[in-house]
Amino acid sequence: MASSVRTAIFPVAGLGTRFLPATKATPKELLPVIDTPLIQYAIDEAQEAGIERMVFVSHPSKAAIERHVMDDAKLRADLKARGKADLAADLQEAAFCPDTDDVVFTMQDEPLGLGHAVLCARDHALPGPVAVILPDDLIVGRGCLAEMIEAYDPATAGHMVATMTVDRDETEKYGILSTTGGSGRLLTADGMVEKPAPEDAPSCEAVVGRYVLDPSIFDDLAVQAPGAKGEIQLTDAIASGKERVGLSGFRFSGTRFDCGSKAGMLRAILHLAAEDPECRAVLAEAGHRAAARAA
Ligand code: G1P
């Protein structure tokens, strides 16, 4: 059965200041975790979830994202001419073809916040609920979006956000749910606050970058006043629609890495390296060296 969630929005206009100078010329979404750029993990997750249309909300200075995502017939022809047909076929397999795939690039010219970025996708969304994926949040294991869509029931809650429990001293880094109960992977909630101080946080259930949202989110975003950091916050618009459409949290089964930070990126690389036979040998060598230094 086709999913009711047909559109995924990828907000990728951000400047990536936490990774300068690496992100001076390279969009942060193209930073690789070993050999695969962050954006590719996000796209793969959306495809696994049965998404039909991918909407990238980008920035004019980040044209490299489009070059990565879309098919490059010239590059493939050059590779074939050099006897590298296998490589050309792999690239074609991973890329979107403008004739057969439903992909939209739209621009967010000004950094007015995550909520504003999602609003920029409004005219490109297919009817029904929409998914939002933040590529900085790499989730390995079972596809987080697929499991959210499986659990999504708009009759109970039109807005669903992925959540994980964090230490209280970390609430200032996340949107935090005000939870009212829960069973299994689902949490019921009556509110959501953007980056509260630990003493003000309504719980320790943090929102990570996966959302399934009732389409009325666009109406709420259109009238949303700036919030934290003076930006139009997706969190605030979700909270303002909670009484009308309902709000739930979903505790995903995978492991999340904050690849918007150096430590999170390194953890993701080490995690995935441990699963790759070629890299595992290098990790073992590094482990020996560290043990020898400590001795
Ligand atoms: C954004 C959201 C925040 C969420 C976080 C997850 O914040 O505004 O609610 O918890 O992503 O990564 P950012 O990390 O972009 O500042």
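Residues numbered from 1 in each chain as written. Predicted model: local features only at pLDDT ≥ 70, side-chain atom pairs only at ≥ 80, totals over all residues. Heavy atoms only, no water.

Draft legend 1. Structural detail: the side chain of Lys-62. Along the chain, Lys-62 falls in the loop between strand 4 (53–58) and helix 2 (63–69). One polar contact links the side chain of Lys-62 to the main-chain carbonyl oxygen of Gly-14, over a distance of 2.6 Å. Ignoring any residue separated from it by four or fewer positions in sequence, one finds Lys-62 in contact with Val-12, Ala-13, Gly-14, Pro-27 and Glu-29. (Helix = DSSP H or I, 4+ residues; strand = E, 2+ residues; numbered from the N terminus. Polar contact = N/O pair within 3.5 Å; in protein donor to acceptor, adjacent residues only side chain to side chain. Contact = heavy atoms within 4.5 Å.)

Draft legend 2. Region of the structure containing the site of the ligand. Near the ligand, the surroundings consist of 14 residues, among which Asp-137, Gly-175, Glu-194, Lys-195 and Val-207 are the closest. Taking Lys-195, its side chain carries an N or O atom lying 2.6 Å from an oxygen atom of the ligand. Note that an oxygen atom of the ligand is positioned 2.5 Å from one of the backbone N or O atoms of Val-207. Contact with the protein chains covers 79% of the free accessible surface of the ligand, which is 380 Å². (Near = heavy atom within 4 Å. Areas by Shrake-Rupley, 256 points an atom, 1.4 Å probe, with all protein chains shown as cover.)

Draft legend 3. Broad picture of the packing of helix 3 (residues 73–81) against helix 4 (residues 85–94). Remark: helix 3 packs on helix 4, axes separated minimally by 7 Å, with the N-to-C direction vectors making an angle of 160°. When the axes of helix 3 and helix 4 are compared, the pair comes out roughly antiparallel. Only Ala-85, Leu-87, Ala-88, Leu-91 and Gln-92 of helix 4 make contact with helix 3, whose side of the interface consists of Leu-75, Arg-76, Leu-79 and Lys-80. Of the residues assigned to the contact of helix 3 with helix 4, the class counts are six nonpolar, one polar and two charged. (Axes fitted to C-alpha atoms, helices over the stretch in contact; angles between N-to-C directions. Parallel < 35°, antiparallel > 145°, perpendicular 65-115°, else oblique. Nonpolar A, V, L, I, M, F, W, Y, C, P; charged D, E, K, R; others polar.)

Draft legend 4. Quick look at the packing of aromatic side chains. Tallied over the entire structure, the rule returns two aromatic pairs. Between Phe-10 and Phe-56 the ring centres are 4.7 Å apart and the planes differ by 15°, which places this aromatic pair in the stacked class. Taken together, the residues span a long stretch of sequence, with Phe-10 in strand 1 (residues 7–11) and Phe-56 in strand 4 at a distance of 46 residues. The pair formed by Phe-10 and Phe-56 is uniform in burial state, with each residue classed as buried. An angle of 15° between the planes, with centres 4.8 Å apart, marks the rings of Phe-56 and Phe-105 as stacked. One end of the pair, Phe-56, is in strand 4; the other, Phe-105, is in strand 5 (residues 102–107), with 49 residues separating them in the sequence. Just as Phe-56 is buried, Phe-105 falls in that class too. (Phe/Tyr/Trp six-rings, centres within 6.5 Å; stacked < 30°, edge-to-face > 60°. Buried < 20%, exposed > 50% of the residue type's maximum accessible area, 1.4 Å probe, protein only.)

Draft legend 5. Structural view of the pattern of salt bridges. The final tally for this structure, using the stated rule, is 16 salt bridges. The salt bridge involving Lys-28 is made with Asp-136; its shortest N-O contact spans 3.0 Å. Of this pair, Lys-28 sits in the loop between strand 1 and strand 2 (32–33) while Asp-136 sits in the loop between strand 6 (130–133) and strand 7 (137–140), and the two are 108 residues apart along the sequence. Assessed through its relative accessible area of 15%, Asp-136 is described here as buried. Close ionic contact of Glu-150 with Arg-142 constitutes a salt bridge, the shortest N to O distance being 3.1 Å. Each of Arg-142, Glu-147 and Glu-150 takes part in a single network of salt bridges with overlapping partners. (Salt bridge = Lys/Arg side-chain N within 4 Å of Asp/Glu carboxyl O.)

Draft legend 6. Local environment of helix 10 (residues 277–294). For helix 10, which comprises 18 residues, the first-to-last C-alpha distance of 26 Å matches the rise-based estimate of 26 Å (1.5 Å per residue) to within 8%. Two to three positions downstream of the cap, the backbone nitrogen of Glu-278 sits 2.9 Å from a side-chain oxygen, assigning the N-cap of helix 10 to Asp-276. (Expected span 1.5 Å × (residues − 1).)

Draft legend 7. Structural detail: the pairing of strand 6. The side-chain alternation of strand 6 yields two buried faces, one formed by Val-130 and Val-132 and the other by Ala-131 and Ile-133. Across three bridges, the pairing between strand 1 and strand 6 is parallel. Following the sheet pairing, Thr-7 is matched in strand 6 by Val-130. Pairing geometry for strand 6 and strand 11 (residues 205–213), over four bridges, is antiparallel. In the sheet register, Val-132 faces strand 11, and the bridge partner there is Tyr-211. (Pairing = 2+ DSSP bridges.)

Draft legend 8. Representation of the pairing of strand 1 in the model. Along strand 1, five of the five residues are buried, which leaves the element largely enclosed by surrounding structure. Side chains of strand 1 alternate between two faces, with Thr-7, Ile-9 and Pro-11 and Ala-8 and Phe-10 buried alike. Both strand 1 and strand 4 contribute to a ladder of five bridges, which runs parallel. Bridge pairing in strand 4 places Ile-9 opposite Val-55.

Draft legend 9. Broad picture of the side chain of Gln-224. On the secondary structure map, Gln-224 appears in the loop between helix 7 (217–222) and helix 8 (234–245). One polar contact links the side chain of Gln-224 to the main-chain amide nitrogen of Ala-237, over a distance of 3.4 Å.

Draft legend 10. View of unusual backbone geometry. Residue Leu-20 is joined to Pro-21 through a cis peptide bond whose omega torsion reads 5°. The residue Pro-21 is located in the loop between strand 1 and strand 2 in this model. One non-glycine residue, Lys-229, adopts positive backbone phi at about 60°.

Draft legend 11. Examining the nonpolar core more closely. Core analysis: the biggest nonpolar cluster contains 35 residues, and Phe-10, Ile-51, Phe-56 and Val-69 have the highest contact counts within it. In terms of residue count, helix 6 (residues 144–151) provides more of this core than any other element does, five residues in total. Ignoring anything within four residues of it in the chain, the contact list for Val-69 reads Ile-39, Ile-43, Phe-56, Ala-95, Phe-96 and Phe-105. Membership of the second largest hydrophobic core comes to 27 residues, among which are Ile-9, Ala-189, Tyr-211 and Leu-221. (Core = buried A, V, L, I, M, F, W, Y, C linked by side-chain atoms within 4.5 Å.)

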